[in-house]
Amino acid sequence: MFLEVKGLHVSYGDIEAVSGVDFYLEKGELVSIIGANGAGKTTILNCVMGIIPPKEGAIIFKGKEITGIPDFERARMGIRIVPERSRVFPRLTVYENLLTGFYRIRDREKFSERLSWLYEVFPVLRNRQGQLASTLSGGEQQQLSIARALISNPELLLVDEVSMGLMPKLVDQVFEILKRLNEEHGLTILLVEQNAYASLNISKRAYVLETGTCVLEGDAHELMSNPEVKEVYLGN
Amino acid sequence: MNTFFEQLLNGIAMGSIYALVTLGLTLVYGVMRILHVAHAAVYTVGAYMGLFLYSSTGSLLLAFFGASIGCAILGVGIERFVYFPLMKYPPFVPLIGSIAVMLSIEEIMRLIAGPYILTFPAKLPFPDLSFSGIYVSSTIIAVYSITALILLVLWYISSRTELGLAMRAVSQDISISGAMGINSHLIVSITFVIGSAVAAIAGILVGIYYNQVYPTMGAVPAYKTLALIVVGGLGSVSGGVIASMILGVAETMLIGYANIPFPRDALAFIAMIGVLMWRSEGIMGSSR
């Protein structure tokens, strides 16, 4: 198994945000975790990245337990995140933000190769490469955040609420890009989304999260026709 | 007229020294969001170490290098053993810790070196210059050259190296920096190394400039540099440097040249109050 999360519990003070979640990803899969605001989706993703520590549970990446390994080492192992609300470095230029995604990987040739590919995928970044990230619009910052996560050619991409604050047209575009990355480049992606329809549509499997526990799991397209999921998350 | 220029040059020298101390404070605030009051104690220790090394070896170069290394170790020690364990508490807790460290170091220096004012009778290897009647001492030339060199090196590191990129990233978003593969705790420690080494150099320069080294020499700079980082904009390196230069010149010119009967050390705080009232993000700060 590529990524396996077992018995994950996370607390903020006395409040338990995630209470015993299990899930896994096979190599090359695109899996999403859907659920309402506050269900604990972002917490799970931050735990896999190592930004916040779990109270209990194990995270296993490529057969190796990484639960106690710090975030920067996980990043160097090939796990990268597109955080909630993009979190680009506001007072670095677009180009410098991309450089942070390539930190300590000293391969100039590979960098320019990846950079020109990402500039092709997100042309707006090329036009604004010398501008401070804080001057970009919300959608542009989101694209920068995705590019920053992809420039190191990661093995596992964690994507947190990428549709939030994007225009509908851009949402489709971004999901199309994620789908292509998965299908054409074989990138393993864990997607966390409130936009259940868009994410289920491109996913292979999915987990439904409710107040810190997983209530449903299975094939994404079967979940889309599940009456309960339809009622609560797809709004019809 | 000559007095005017000589005082102006003195003012810039004073501003340069303020800038060197403020620099460390700004860098530390940037990566840790802590008001590192004890930074001025590191500067005092730097002056003593420099004096000790100079009087025992006669080499100023050794004094500068030795004191920088010693203070770098002291700075990282304060970060690891005082600030790091206190980071999980609200910001006033590490601030109180910092004040405690500041006072402890002052007292330790008093115990080791005695409560006296020691002299620092060093001659810096720079020429005394004279331009059409304006005398410029070798000390002033040394202060200018060393400050310019340090600012240039720091500018280079910050804007042209991967370390500088990591330092800027960590100061803007420490948790996402980690997710980018940056060892942010290491970057914080390196920031303390740089800031503390520069403080040691500033301490030695002040010792030579006034020919005085004493245990409480950091007390006034401690609070004055706090005012300066607020005026410059918290976390803004260029703002801190500019505010320091302006203060050095203003203090010297208003009080030393124009003879306005006004307590010299109050100027920084009046500027701080003004900034807090009318432009709380500081002269170069970005609002966040």
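Residues numbered from 1 in each chain as written. Chains lettered and ligands numbered in written order. Predicted model: local features only at pLDDT ≥ 70, side-chain atom pairs only at ≥ 80, totals over all residues. Heavy atoms only, no water.

1. Concerning the overall build of chain B
Looking only at helices and strands, one finds 11 helices and 2 strands in chain B. Each helix and strand of chain B, ordered N terminal to C terminal, gives the series α-α-α-α-β-β-α-α-α-α-α-α-α. Relative to a compact globule of 288 residues, whose C-alpha radius of gyration would be 19 Å, chain B shows 19 Å and is just as compact. Principal-axis analysis of the C-alpha atoms places the extent of chain B at approximately 60 × 45 × 35 Å. Taken over 288 residues, chain B has a buried fraction of 52%. The long-range share in chain B, meaning contacts at least 24 apart out of those at least 6 apart in sequence, stands at 77%. Taken as a whole, chain B presents about 12,500 Å² of accessible surface, with 73% of it coming from carbon and sulfur. Seen as two clouds, the 11 positive and the 10 negative side-chain charges of chain B have centres 5 Å apart. (Helix = DSSP H or I, 4+ residues; strand = E, 2+ residues; numbered from the N terminus. Rg over C-alpha atoms; globule rule 2.2 N^0.38 Å. Buried < 20%, exposed > 50% of the residue type's maximum accessible area, 1.4 Å probe, protein only. Contact = heavy atoms within 4.5 Å. Areas by Shrake-Rupley, 256 points an atom, 1.4 Å probe, with all protein chains shown as cover. Lys, Arg positive; Asp, Glu negative; His and termini not counted. Charge placed at Lys NZ, Arg CZ, Asp CG, Glu CD.)

2. Brief notes about the side chain of Ser189(B)
Residue and element names in this part refer to chain B. For Ser189, the location among the structural elements is in helix H8 (residues 184-210). A distance of 2.8 Å separates polar atoms of two side chains, one belonging to Ser189 and the other to Glu79. The residues contacting Ser189, other than those within four sequence positions of it, are Val76, Glu79 and Arg80. (Polar contact = N/O pair within 3.5 Å; in protein donor to acceptor, adjacent residues only side chain to side chain.)

3. Some remarks on helix H10 (residues 227-234) of chain A
Capping the start of H10(A) is the job of one residue whose side-chain oxygen sits 2.8 Å from the backbone nitrogen of Glu228(A): Asn226(A). Just beyond H10(A), the residue with positive phi is Gly235(A), at close to 65°.

4. Comments concerning the pattern of salt bridges
For the structure shown, the criterion picks out 17 salt bridges over all chains. The salt bridge involving Lys55(A) is made with Glu16(A); its shortest N-O contact spans 3.5 Å. One end of the pair, Lys55(A), is in the loop between helix H1 (41-49) and strand S4 (56-61); the other, Glu16(A), is in strand S2 (residues 15-25), with 39 residues separating them in the sequence. For Glu16(A), a relative accessible area of 35% translates into the label partly exposed. Taken together, the shared-partner salt bridges in this structure form one network comprising Lys224(B), Glu251(B), Arg264(B) and Asp265(B). (Salt bridge = Lys/Arg side-chain N within 4 Å of Asp/Glu carboxyl O.)

5. Points about the packing of aromatic side chains
Residues and elements named next belong to chain A. Scanning the model with the defined rule gives 8 aromatic pairs over all chains in all. Within the aromatic cluster, the residues linked to one another by ring pairs are Tyr95, Phe102 and Phe111. Lying over the aromatic face of Tyr24, Arg205 brings its terminal NZ or CZ to 4.0 Å of the ring centre. (Phe/Tyr/Trp six-rings, centres within 6.5 Å; stacked < 30°, edge-to-face > 60°. Lys NZ or Arg CZ within 6 Å of the ring centre and 35° of its normal.)

6. What to know about a nonpolar patch on the surface
Residue and element names in this part refer to chain B. A cluster of nonpolar residues, Ile242, Ile246, Ile283 and Met284, forms a patch on the protein surface that exposes about 330 Å² of accessible area. Within the secondary structure, Ile283 is located in the segment after helix H11 (267-278). Judged by relative accessible area, Ile283 falls into the partly exposed class, the value being 34%. (Patch = residues over 30% accessible without salt bridge, like charges linked within 9 Å, V, L, I, M, F, W, Y side chains within 5 Å.)

7. Considerations on the sheet that holds strand S7 (residues 156-160) of chain A
Residues and elements named next belong to chain A. The mixed open sheet is built from 6 strands, whose spatial order is S6-S7-S8-S3-S9-S10. With one partner strand each, in any of the chains shown, strand S6 (79-82) and strand S10 (213-219) form the two edges of the open sheet. Recorded for the sheet is a direction-independent mean angle of 15° between the axes of neighbouring strands. Bridge count for S7 against strand S8 (residues 188-193) is 5 bridges, and the pairing is parallel. By the bridge assignment for S8, Val159 is matched with Leu191. Where helix H6 (residues 138-150) meets the sheet, its contacts fall on S6 and S7, and the angle it forms with S6 comes to roughly 180°. Along the sheet face, helix H7 (residues 168-185) touches strand S3 (30-35), S7 and S8 and points at about 155° away from the line of S8. (Pairing = 2+ DSSP bridges. Axes fitted to C-alpha atoms, helices over the stretch in contact; angles between N-to-C directions.)

8. Description of the confidence of the model for chain B
Chain-level pLDDT for chain B is 93 on average; 99% of the residues reach the 70-or-more range. We note a pTM of 0.93 for the whole complex and an ipTM of 0.94 for its interfaces. (pLDDT = per-residue confidence, 0-100.)

9. A short note on empty space enclosed by the protein
Residue and element names in this part refer to chain A. If you walk through the whole model with that rule in mind, you get 2 cavities of 30 Å³ or more. Roughly 40 Å³ of volume is contained in the largest cavity. What lines the largest cavity is Trp117, Val121, Ile177, Arg180, Leu181 and His185. Residue assignment for the lining of the largest cavity shows that the elements contributing at least two residues are helix H4 (108-121) and H7. The element that contributes the greatest number of residues to the lining of the largest cavity is H7, accounting for 4 residues. In terms of residue class, the lining of the largest cavity is built from 4 nonpolar, 1 polar and 1 charged. The computed volume of the second largest cavity comes to approximately 30 Å³. In this structure, the second largest cavity is lined by Val208, Glu210, Val215, Leu216, Glu228, Val229 and Tyr233. For the lining of the second largest cavity, the secondary structure elements donating two or more residues are strand S9 (205-210), S10 and H10. The element best represented in the lining of the second largest cavity is H10, accounting for 3 residues. When grouped by side-chain class, the residues that make up the lining of the second largest cavity number 5 nonpolar, no polar and 2 charged. (1 Å grid on protein atoms, 1.4 Å probe; cavity = no way out; pocket = protein on both sides within 12 Å on 5 of 7 lines; lining within 4 Å. Points joined across faces, edges and corners; volume = space filled by probe spheres on them. Nonpolar A, V, L, I, M, F, W, Y, C, P; charged D, E, K, R; others polar.)

10. Concerning the environment of Gly66(B)
All names here are of chain B. Structurally, Gly66 can be placed in helix H3 (residues 60-86). Take Gly66: its relative accessible area is 26%, and that puts it in the partly exposed class. The sequence separation of Gly66 and Gly46 amounts to 20 residues, and the corresponding C-alpha distance is 9.0 Å.

11. Concerning the sheet that holds S2(A)
Residues and elements named next belong to chain A. Spatial strand order, S2-S1-S4-S5: 4 strands in an open sheet with antiparallel pairing. The open sheet has two edge strands, S2 and strand S5 (64-65), and neither has a second partner. Here strand S1 (residues 3-12) pairs with S4 via 5 bridges, running antiparallel. Bridging across to S4, Glu4 finds its partner in Ile60. Sheet contacts for H1: S1, S2 and S4; angle to S1, the most-contacted strand, approximately 115°.

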